2 protein chains.
Amino acid sequence: MKKLGFIDDTFLRFESRRQPLHIGTLMLFEPQGEAPKDFVSKLTERLRQSNMAAAPFNQRLVVRRGIHYWKETKDFDLAHHFVHVALPKPGRIRELLAMVSRVHCGHLDRAYPLWRLYLIEGLEDGRFAVYIKVHHALMDGVAGMRLLLKSMSTNLDTSLELPPPWEVPTKKSRTRNLPVPSPATGSLAALRSLAREHVNSVIPVLKEVRSNIQDIWNRNPDFVFGGQAPRSLFNQKVSATRRFAAQSYSTPRIKAVADHYQTTMNDVVLAMCGGALRRYLMDLHELPDRPLVAAVPVSVRRDNSELSNEISFTFAHLGTHLSDALQRMVAIKNCMDYNKAHLRKLSPDQSLVSGAIKLLPGALNAITGFSPDSVLGNVIISHVPGPRRTMYWQGAKLCGLYPASLVVDYGALNITLISRHDFVDVGIIACRKTVPQMQRLLKYLEDALVELEDTMQPPGPSSTPTASSTSTTAQRPAKETTVALEN
Amino acid sequence: MKKLGFIDDTFLRFESRRQPLHIGTLMLFEPQGEAPKDFVSKLTERLRQSNMAAAPFNQRLVVRRGIHYWKETKDFDLAHHFVHVALPKPGRIRELLAMVSRVHCGHLDRAYPLWRLYLIEGLEDGRFAVYIKVHHALMDGVAGMRLLLKSMSTNLDTSLELPPPWEVPTKKSRTRNLPVPSPATGSLAALRSLAREHVNSVIPVLKEVRSNIQDIWNRNPDFVFGGQAPRSLFNQKVSATRRFAAQSYSTPRIKAVADHYQTTMNDVVLAMCGGALRRYLMDLHELPDRPLVAAVPVSVRRDNSELSNEISFTFAHLGTHLSDALQRMVAIKNCMDYNKAHLRKLSPDQSLVSGAIKLLPGALNAITGFSPDSVLGNVIISHVPGPRRTMYWQGAKLCGLYPASLVVDYGALNITLISRHDFVDVGIIACRKTVPQMQRLLKYLEDALVELEDTMQPPGPSSTPTASSTSTTAQRPAKETTVALEN
């Protein structure tokens, strides 16, 4: 039996009926060569033989005196975890996304290890899909991505010999987890021990807090803290129903914009989100005057482990008050540069404490109702690095890797991106009731990218294009949108 | 806005993460004549036009000061409620039951009207299926059955003109519901008003209680009360995962046994359950010495309404301590005859109060732990009358109607039967973790029926068969098992 770390445990404690806290990933695969018609049935049969689950896939939750532990299960029941399903006709991406939207809503059963994998057949174009959901208490997005990639290979033949994700041996993190205060040992004693263990964190964190206060005083536009966000459509109580939408955007096109403006791909992607959200909210006459604020999870993992949660977060405003696409991106870039400079000074634990302190004004506001127009943050935007080469799984080529992350009360929209060498795969998950017609964001993201590309063109119609803008324009027709709108 | 009745409300209050309280029905249909290959796709398109939901299908839950109300929803979202899905290959009944097992686990979202209907294509034999789930707070099994049948016709062509179940106008019950004690008016006052309204119930109920006490004193073997049941495998906390199994048994064969022994089909069916449960528990070396006790819901509906819950219940022992099939059935028959004679003396409300009083010894035992070997009851067995003629829905013939009912903590197994003119359709739902390999019960039910049929044969090999046993034997090869085992 192993006690859960603090953040892992938090994901269990905050779960509720309307708010399941698992994360999902939808993967699209293309069988290679002369694939037989019963490729997926054969694959199903093969995977059903793989019932030697490794940790954490064989660990179930045990509660003793209110404390959570992971315990190896003795009666591992693969048929509960591995499920073969099919899309109804006509088997478009639309039907796939409708199915994932539904399946993502269901809670994982705590009587079993907290994961389930769906092998999905019936796509009209001959591809097949895998949707896997894992409780966030088991791992964060970066750990999950690494684990999935360990079941794949850059070589088609080798991929046939690799075990499925649940049989892959995982690496434990070498970072010590924050201990969970235990009622058994007395919560005061636990808090003391927590403080003692993190005494080294105090000085850099205090420095950071002093700098934050100076920034608030000086109204530094690049400093964003929790509670600065304007109340918006996305910040309401959520229903238990989700809508999932996903699409791929060309990595070379995004990279061309980043290179042209000497910024990062992450900043371009945030600018695309800012542009898309601005337009979505304008359609509904719901755009706040102040810029939307994104909570941006930051991995603080410093090794190649694949377990638990090692995440902190920062805030970025999304420039949604600016009508000019380039101005919007520059504002976002300045804000993110500020964040990165400050995060670099902190250790993983320190950045977590500093993140928590930045939440304080917003949390106080939520309790006191001092400023009813403000909320902690508007939307979660997370960017997870994906594979940099073509990957194969069980004899099929990976052609899409779309994350379906968390939606919580007052955080009804979550945009998560996985960047691969050829495409940035975007997965958007939202409360179906609170965020109407959310799938429009997919098109608006593309439009926002085009807008940014257009800023690279010289303004006059007669002027000659620059080198970088030419290459971008040349690339645009080559864009291949692998996943389309959901109903 | 309409306040919920007491029993309806109870189904909402007692719902929990591991214990969703909706009821489901799986229906099998056979397209008639030269059905086109895209029959189900066409049907899906047609049903997607039907978005004029009638009550209760357009009512969502509203909570005001802790009180539940139904309120007509303004933004009815058919795509949330009506879902088109498909079975994976090879599309056997096994795949269908695996899907229903999974889908039945999910909670209904209280932000929407509490129902969902799945149209399921991909059965290898050309049939298709419908699985509908409705929260038990909306209606009981009898009401649900009537409502489903109102969307069907005995005439193939007429069936094409009928609206889907969610557009069928429903009849309200004329019986006044028990009022819900309201914290707003003060719970003491509410209890007083409850007592005043039911003052007429007191005398017959007191008579019934006196008779019950006499029966306990005299150790009347036909009188069963809550708390008499032996602790068994089925009486543990449940997981959130279910297994659903279903099969049809020949109505003429069951009726032949009932006629031969001048008893009811219901008694024969209970005897089949007793026999099957005895064998299932013996396999696992888990058969208690004392007979298992079934809680048997009894409809107290006295009109043709299709809303709310109008149910009471009684207890029956299942003779599982007896190795002889006929002795077992006689014991069950005596017990049920006793129950019926006593229920006949009571009004619907009185029978509910009397049922609650019979629960008292068991409830007291659960609280005090006085007799740790005893539990309230072992298994719920419910028998709902189904259609007596061949029915058609949307141009297809109904060929199976399998209920998937409730599983609750300490009640991990539920057997519900719907009797039609040609088949008795049995749906068994159980906690997947607590009740291992539950699908064996399907075969054991058939074996138990054969055992009862065999008792109708004269004992010696040389003796001539009686008329009734001949007809039964002749019928046996004609039995058609429409639904087979699940994995």
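Look up: the structure comes first, before these words.
Residues numbered from 1 in each chain as written. Chains lettered and ligands numbered in written order. Predicted model: local features only at pLDDT ≥ 70, side-chain atom pairs only at ≥ 80, totals over all residues. Heavy atoms only, no water.

Caption draft 1: Layout of the overall build of chain A. Counting its secondary structure elements, chain A contains 14 helices and 17 strands. With 487 residues in all, chain A has 57% of them scored as buried. Pairs at least 24 residues apart make up 79% of the contacts formed inside chain A by residues separated by at least 6 positions. Of the accessible surface of chain A, which amounts to about 20800 Å², a share of 56% is contributed by carbon and sulfur atoms. (Helix = DSSP H or I, 4+ residues; strand = E, 2+ residues; numbered from the N terminus. Buried < 20%, exposed > 50% of the residue type's maximum accessible area, 1.4 Å probe, protein only. Contact = heavy atoms within 4.5 Å. Areas by Shrake-Rupley, 256 points an atom, 1.4 Å probe, with all protein chains shown as cover.)

Caption draft 2: Structural context of the relation of the copies chain B and chain A. Superposing chain B onto chain A requires a rotation of 180 degrees together with a translation of 0.0 Å along the rotation axis, leaving an RMSD of 0.0 Å. Here the two chains are linked by the operation of a two-fold rotation axis. (Least-squares fit on C-alpha atoms with pLDDT ≥ 70 in both.)

Caption draft 3: View of unusual backbone geometry. Residues A55(A) and P56(A) are joined by a peptide bond in cis, for which omega reads 0 degrees. Mapped onto the fold, P56(A) is located in the loop between α2 (39-48) and β3 (59-64). Look at R65(A): it is not a glycine, yet its phi comes out positive at around 50 degrees. Along the chain, R65(A) turns up in the loop between β3 and β4 (67-72). A relative accessible area of 76% means that R65(A) is categorised as exposed. Of note in this structure, Q394(B) is not a glycine but carries a positive phi near 50 degrees. Overall, Q394(B) belongs to the buried group, its relative accessible area being 3%.

Caption draft 4: A look at the sheet that holds β4(A). Residues and elements named next belong to chain A. Spatially, β1-β4-β3 is the arrangement adopted by the three strands of the open sheet, whose pairing is antiparallel. Strands with a single pairing partner mark the edges of an open sheet, and in this sheet they are β1 (2-3) and β3. Across six bridges, β3 lies against β4 in antiparallel orientation. Residue L61 lies in a different strand from β4, and its bridge partner there is W70. (Pairing = 2+ DSSP bridges.)

Caption draft 5: How the structure looks around the pattern of salt bridges. Under the defined criterion, the tally for this structure stands at 36 salt bridges over all chains. In this structure, E453(A) and R253(A) form a salt bridge, with 2.7 Å as the shortest nitrogen-oxygen distance. Placement of E453(A) in helix α13 (residues 440-455) and of R253(A) in helix α9 (residues 251-260) is noted, with a sequence separation of 200 residues between them. With a relative accessible area of 2%, E453(A) lands in the buried category. Exposure remark for R253(A): the relative accessible area of 0% places this residue in the buried category. Here the salt bridges do not stand alone but share partners, grouping E15(A), R110(A) and R17(B) into one network. (Salt bridge = Lys/Arg side-chain N within 4 Å of Asp/Glu carboxyl O.)

Caption draft 6: Summary view of the packing of helix α11 (residues 325-344) of chain A against α13(A). Residue and element names in this part refer to chain A. For the pair α11 and α13, interaxial distance at closest approach is 9 Å and the crossing angle is 100 degrees. The pairing of α11 with α13 is recorded here as roughly perpendicular in orientation. Along the contact surface, α11 presents A325, L326, R328 and M329, while α13 presents E451, L452 and T455. Along the lines of polarity and charge, the residues of the contact of α11 with α13 split into four nonpolar, one polar and two charged. (Axes fitted to C-alpha atoms, helices over the stretch in contact; angles between N-to-C directions. Parallel < 35°, antiparallel > 145°, perpendicular 65-115°, else oblique. Nonpolar A, V, L, I, M, F, W, Y, C, P; charged D, E, K, R; others polar.)

Caption draft 7: Summary view of the environment of I418(B). Residues and elements named next belong to chain B. Here I418 lies in strand β16 (residues 413-419). Here I418 falls in the buried class, since its relative accessible area comes to 2%. In sequence terms I418 and H383 are 35 residues apart; their C-alpha atoms lie 6.0 Å from each other. In this structure I418 touches M145, V384, G386, L401, P403, F423, V424 and D425, once residues within four positions along its chain are discounted.

Caption draft 8: Representation of the pairing of β16(B). Residue and element names in this part refer to chain B. Here β16 lies mainly inside the structure; seven of its seven residues are buried. On β16, burial covers both faces: L413, I415, L417 and S419 on one face and N414, T416 and I418 on the other are all buried. Judged from the six bridges that link them, strand β13 (residues 379-385) and β16 form a sheet pairing that is parallel. Note on β16: the bridge partner recorded for S382 is T416. Pairing of β16 with strand β17 (residues 423-431) involves seven bridges; the strand directions are antiparallel.

Caption draft 9: Up close: the environment of R60(B). All names here are of chain B. Considering the arrangement of structural elements, one finds R60 in strand β3 (residues 59-64). Remark: the alpha-carbon pair of R60 and D109, spanning 49 residues in sequence, is separated by 9.6 Å. Non-local contacts of R60, meaning those with residues more than four positions away in its chain, are made with Y69, W70, K71, T73, A111, Y112 and P113.

Caption draft 10: Main features of the interface of chain B and chain A. Between chain B and chain A, the contact holds 30 residues from the first and 30 residues from the second. Between chain B and chain A, a total of about 2500 Å² is buried, with carbon and sulfur atoms accounting for 45% of that surface. Three residues stand out in chain B for area buried against chain A, namely R17(B), R102(B) and K433(B), and they jointly supply 26% of the buried area on that side. If you look at where chain B meets chain A, you find six salt bridges. For R17(A), the salt bridge is made with E15(B), and the minimal N-O distance between the two is 2.7 Å. Contributing elements (two or more residues each) for the side of chain B that touches chain A: α3 (78-81), β5 (82-86) and β6 (115-121) of chain B. Top element by residues in the side of chain B that touches chain A is β5(B). It accounts for four residues. In the side of chain B that touches chain A, the residues fall into eleven nonpolar, seven polar and twelve charged. (Buried area = accessible area lost by both parts, 1.4 Å probe.)

Caption draft 11: Structural detail: the sheet that holds β3(B). Here three strands make up an open sheet; going across it, the order is β1-β4-β3 (chain B) and the pairing antiparallel. With one partner strand each, in any of the chains shown, β1 (2-3) and β3 of chain B form the two edges of the open sheet.

Caption draft 12: Just helix α5 (residues 141-150) of chain A, in detail. Residues and elements named next belong to chain A. Burial runs high along α5: seven of the ten residues are buried. Listed as buried for α5 are V142, A143, G144, M145, L147, L148 and L149. One side-chain oxygen of the residue at the start of α5 lies 3.3 Å from the amide nitrogen of V142, identifying that residue as D140. (Polar contact = N/O pair within 3.5 Å; in protein donor to acceptor, adjacent residues only side chain to side chain.)

Caption draft 13: Focus on the pairing of strand β4 (residues 67-72) of chain B. Residue and element names in this part refer to chain B. One ladder, built from two bridges, connects β1 with β4; its direction is antiparallel. For K3, the partnering residue across the bridge sits in β4 and is Y69. Linking two consecutive strands that pair antiparallel, namely β3 and β4, is a turn of two residues; a positive phi of about 50 degrees is found at R65 within it.

Caption draft 14: How the structure looks around the packing of helix α10 (residues 265-283) of chain A against α11(A). All names here are of chain A. Remark: α10 packs on α11, axes separated minimally by 9 Å, with the N-to-C direction vectors making an angle of 130 degrees. Comparing their axes, α11 and α10 come out oblique. When you trace α10 past α11, the crossing you get is right-handed. Residue-level contacts link N266, D267, V268, L270, A271, G274, G275 and R278 of α10 to R328, M329, I332, K333, M336, D337 and K340 of α11. Of the residues that constitute the contact of α10 with α11, the class distribution is six nonpolar, three polar and six charged. (Left-handed = near helix turned anticlockwise from the far one by under 90°.)

Caption draft 15: Spatial organisation of helix α2 (residues 39-48) of chain B. Inspection of α2(B) places F39(B), V40(B), L43(B), T44(B) and L47(B) among the buried residues, and these make up the whole buried set. Down the axis of α2(B), the sector holding all buried residues measures 135 degrees, keeping them to one side. (Arc of directions from axis to C-beta.)

Caption draft 16: Region of the structure containing the side chain of R328(B). Residues and elements named next belong to chain B. Structurally, R328 is set in helix α11 (residues 325-344). In this structure R328 is buried but unpaired, with E451 as the nearest side chain of opposite charge at 4.2 Å. A polar contact is formed between the side chain of R328 and the backbone oxygen of S323, at a distance of 3.3 Å. With near-sequence residues (within four places) excluded, R328 lies in contact with G274, G275, R278, L318, G319, L322, S323 and E451. (Lys, Arg positive; Asp, Glu negative; His and termini not counted.)

Caption draft 17: Structural detail: the environment of L147(B). Residue and element names in this part refer to chain B. Along the polypeptide, L147 turns up in helix α5 (residues 141-150). Judged by its relative accessible area of 2%, L147 falls in the buried class. In the structure, L147 is positioned 18 residues away from P165 in sequence and 6.7 Å away in space, judged by C-alpha atoms.

Caption draft 18: Looking closely at a positive patch on the surface. Together, K37(A), K89(A), K37(B) and K89(B) line one region of the surface with positive charge. Secondary-structure assignment places K37(A) in the loop between β2 (22-31) and α2. (Patch = residues over 30% accessible without salt bridge, like charges linked within 9 Å, V, L, I, M, F, W, Y side chains within 5 Å. Charge placed at Lys NZ, Arg CZ, Asp CG, Glu CD.)

Caption draft 19: Spatial organisation of the packing of aromatic side chains. Enumeration over the complete set of coordinates arrives at 19 aromatic pairs over all chains. Relative to F128(A), the ring of F39(A) lies with its centre 5.6 Å away and its plane at 40 degrees, an arrangement referred to as tilted. With F39(A) in helix α2 and F128(A) in strand β7 (residues 128-135), this residue pair connects regions lying 89 residues apart in the sequence. One aromatic cluster is present, formed by F57(A), F76(A), F82(A), W115(A) and W166(A) through successive ring pairs. Cation over ring: K433(A) sits above Y112(B), and NZ or CZ is 4.4 Å from the ring centre. (Phe/Tyr/Trp six-rings, centres within 6.5 Å; stacked < 30°, edge-to-face > 60°. Lys NZ or Arg CZ within 6 Å of the ring centre and 35° of its normal.)

Distances and angles like these do not, on their own, reveal function.
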